[in-house]
Amino acid sequence: MSLLVVGLSHRSAPVSLLERVALSQDAQIKLLQDTVATEPATEAALLATCNRIELYADVDKFHAGVAELSTLLAQHSGVGLDELTPYLYVHYEDRAVHHLFSVACGLDSMVVGEGQVLGQIKDSLALSQDLHSAGRLLNDLFQQALRVGKRAHSETGIDRAGQSLVTFGLQQLAGGRGSGVAGGSVESWAAGKKALVIGAGSMSSLAAATLARLGVAEIVVANRTADRAERLAQIINENSENSQYEGSGAGGHEGGAVSVSARAVPIESVPFELTRADIAVSCTGATGLVLTAEIIAAAVEGRVPTDEAGLSSRTASQGDVRDVRGVLPPTSIGTDDGCPLDLSAGQAVQESAGFSVMGEAAVAGMDAATLEQHAAWVDNGTVDRREAARRTPDDDRELIAALALTAATLGRIPEQRRPEMPAGVPRPPAVLWLLDLAMPRDVDAAAHRLAGVRLVDIESLAEASADVPMAADVDQVRRIVADEVAAFGAALRAAHITPTVVALRAMAADVVAGEIARLDGRLPGLDEKHRAEITQTVRRVVDKLLHAPTVRVKQLAAEPGGAGYADALRTLFDLDQETVASVSRADQADENADQNAWTNAGSRGRA
């Protein structure tokens, strides 16, 4: 059996595809069950995060395993295999081990050095154990990956090389592209603001804790399950009471401590709470949008201007609220008679920027209404945006295909994810900062073009992270990974030959027992003392003859390419394959019993 991983991540695929491939918890369970039910795979585990999905399996045939795992990923994600295949990567045996260990250390993360992936690997292992889809290989692999990740964070300064995805996202919100924060620290930017956290899972909890540490004045938690939202809000309040945040270190309030208050609200209250919030962080498991462009636009329009230059983020009395659409420039980004696409914007940088053959990059993130506006503009027609808002995802795909065809007819569209505001139209300062860490996305990508709004999502973070320099500690972590991969491979290969060695010694013991029985028949008058001495002597001779070969074969088997020594040993001594297999099954049964005992003990400890 051999380890195989097939997957895709932010390094191999566009975020728009990762969003479509994202699987719900039920879909993950079904994928694992279907994987172990296939012929090539005997074990399976799935690592699914906001920027990767990887299927690990123990397979007996490489090519059949790759084909089967790729097909299963396509079937369960709903993305066609022909569309998915160009973005898949495959790692086998030692390379697969190296990949997982690198992921566990944060070397393959969007933000290098982030440690949250360790929790996601732990969850992946727990799910596989619950479903009994992980056997000896994947249990050992994932547990060792957790140990390697912890070692990397404890023995090196990899934590200084990067931050959590939440911290990096907030940094991008505060200061834009790059690793610095324009105009001051992130703490100064966050101090005193009101935050809305949508979701109460691990990422949302991390976001709430980070916002509290940065010194926001209020955190509102919204979640579909009220109990989880209330529990998170309670934790924030208790931490605020037990550990005051010093003003100079958490928001710049000299001479005093910063108090953070938190409260929970139903998910239905999000549109209203958004009118009060300065910062909103969303990370839910919803399959559809949580914040549409209409909800976000309404939240911005519900605010009042503080002066001629900007807008206040505080909600005034109803009598002071006025429509800000006259203050903000129009959200249309075109320059030709209301066309929502600026088809000429990239002509000056055509040679340096490059172009998308089909134009998908230029239309990614546009809502169906904008796309239909473009189609209507081409036909010199008009469109009812209310009707467009009722379109289905299938309609969206048809519109994108139609727009790509239009682009191919009129000329290639510049390679840019979202068109910029037309030159000469000043974009007002942001009054609402949105951080979308969900996959698939929670926040409508059309919010990128709303005046007064700054949105950072997974796609934005992927772009920004490419500019972040690697720390010197990364080289040290890579050496740790290389050493751990070699040690794991040696242990795995040595363990592979153990059943054969055990079977050989069992065969030798049977030979000794047979010869002693034959001796008893020939010398029936042999007394017990002499019989015992002869038996012990024969056993010592056999042990001495087998000792050097078995020790040496274990050493050779631990080296790269040593898997063939087990086959050689079976051939030389004519060992029964079923005997070797029975030893392996017995070892696996003992290991499963130990694993179940450990799991049950952990369950009792948590009860």
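Up top you'll find the structure we're talking about.
Here the structure is a predicted model, which is why all the values come from computation and not from measurement.

Here we look at the overall build of the protein chain
Now for step 1: When its secondary structure is counted, the protein chain shows 24 helices and 14 strands.
Now for step 2: Classification of the 607 residues of the protein chain by burial places 46% in the buried group.
Now for step 3: Counting contacts in the protein chain only where the partners sit at least 6 residues apart, residues at least 24 apart contribute 72% of the total.
Now for step 4: Surface summary for the protein chain: the accessible area is close to 29,500 Å², and the carbon and sulfur share equals 52%.

A look at the sheet that holds strand E2 (residues 41–49)
Strands pair in a sheet through their backbones, by hydrogen bonds, and they do so in one of two ways: parallel or antiparallel.
Now for step 1: A sheet is described by the order of its strands in space; here four strands give the open sequence E2-E3-E1-E4, paired in antiparallel fashion. If you trace the sheet from one side to the other, it starts and ends with E2 and strand E4 (89–92), each paired once. Within the sheet, the average angular offset between the axes of one strand and its neighbour, ignoring direction, is 15°.
Now for step 2: Here four bridges tie strand E1 (residues 2–9) to E4, and the two strands are oriented antiparallel to one another. Each bridged residue has a counterpart across the sheet, and for Gly7 the counterpart in E4 is Tyr89.

Focus: the environment of Asp576
Now for step 1: Examined against the element boundaries, Asp576 turns out to sit in the loop between helix H23 (564–572) and helix H24 (577–606).
Now for step 2: What makes Asp576 partly exposed here is its relative accessible area of 47%.
Now for step 3: Note: C-alpha distance between Asp576 and Met507 (69 residues apart in sequence) is 9.3 Å.

Thoughts on the pattern of salt bridges
Now for step 1: Evaluated as defined, the whole model comprises 17 salt bridges.
Now for step 2: Between Arg151 and Glu484 there is a salt bridge; the shortest N-O distance is 2.8 Å. Pair noted here: Arg151 is in helix H7 (residues 136–155) and Glu484 is in helix H21 (residues 473–522), with a separation of 333 residues, a long-range link.
Now for step 3: The buried category is assigned to Glu484, whose relative accessible area is 14%.
Now for step 4: Each member of the salt-bridge network shares a partner with another, and the members are Arg11, Arg52, Glu54 and Asp108.

Looking at the nonpolar core
Now for step 1: Ranked by size, the top nonpolar core spans 69 residues in total, and within it Ile219 and Leu437 carry the most contacts.
Now for step 2: Grouped together as the second largest cluster of nonpolar side chains are 34 residues, Leu100, Ala104, Leu137 and Val474 included.

With respect to the packing of H21 against helix H22 (residues 528–557)
Now for step 1: Running from N to C, H21 and H22 cross one another at 160°; their axes reach a closest spacing of 10 Å. Regarding the angle of H21 to H22, the classification is roughly antiparallel. For the crossing formed where H21 meets H22, the hand is right-handed.

Some words on the packing of aromatic side chains
Now for step 1: Throughout the structure, instances matching the rule amount to four aromatic pairs.
Now for step 2: Between the aromatic rings of Tyr56 and Phe142, the centroid separation amounts to 5.4 Å while the plane-to-plane angle is 80°, which identifies the pairing as edge-to-face. Of this pair, Tyr56 sits in strand E3 (residues 52–59) while Phe142 is found in helix H7, placing the two residues 86 residues apart along the sequence.
Now for step 3: When its relative accessible area of 0% is taken as the criterion, Tyr56 is described as buried.
Now for step 4: Over the aromatic face of Trp433 sits the side chain of Lys193, whose NZ or CZ is 5.0 Å from the ring centroid.

Considerations on helix H3 (residues 62–77)
Now for step 1: In this model, H3 (16 residues) spans 22 Å end to end at C-alpha, consistent with the 22 Å of a helix rising 1.5 Å per residue.
Now for step 2: Regarding H3, the residues found buried are Gly65, Val66, Leu69, Ser70, Leu72, Leu73, Ala74, His76 and Ser77.
Now for step 3: Residues of H3 that are buried make contact with E1, helix H1 (15–21), helix H2 (25–37), E3, helix H4 (81–84) and E4.
Now for step 4: Just downstream of H3, Gly78 is the residue with a positive phi angle, here 85°.

Analysis parameters
- Residues numbered from 1 in each chain as written.
- Predicted model: local features only at pLDDT ≥ 70, side-chain atom pairs only at ≥ 80, totals over all residues.
- Heavy atoms only, no water.
- Helix = DSSP H or I, 4+ residues; strand = E, 2+ residues; numbered from the N terminus.
- Buried < 20%, exposed > 50% of the residue type's maximum accessible area, 1.4 Å probe, protein only.
- Contact = heavy atoms within 4.5 Å.
- Areas by Shrake-Rupley, 256 points an atom, 1.4 Å probe, with all protein chains shown as cover.
- Pairing = 2+ DSSP bridges.
- Axes fitted to C-alpha atoms, helices over the stretch in contact; angles between N-to-C directions.
- Salt bridge = Lys/Arg side-chain N within 4 Å of Asp/Glu carboxyl O.
- Core = buried A, V, L, I, M, F, W, Y, C linked by side-chain atoms within 4.5 Å.
- Parallel < 35°, antiparallel > 145°, perpendicular 65-115°, else oblique.
- Left-handed = near helix turned anticlockwise from the far one by under 90°.
- Phe/Tyr/Trp six-rings, centres within 6.5 Å; stacked < 30°, edge-to-face > 60°.
- Lys NZ or Arg CZ within 6 Å of the ring centre and 35° of its normal.
- Expected span 1.5 Å × (residues − 1).

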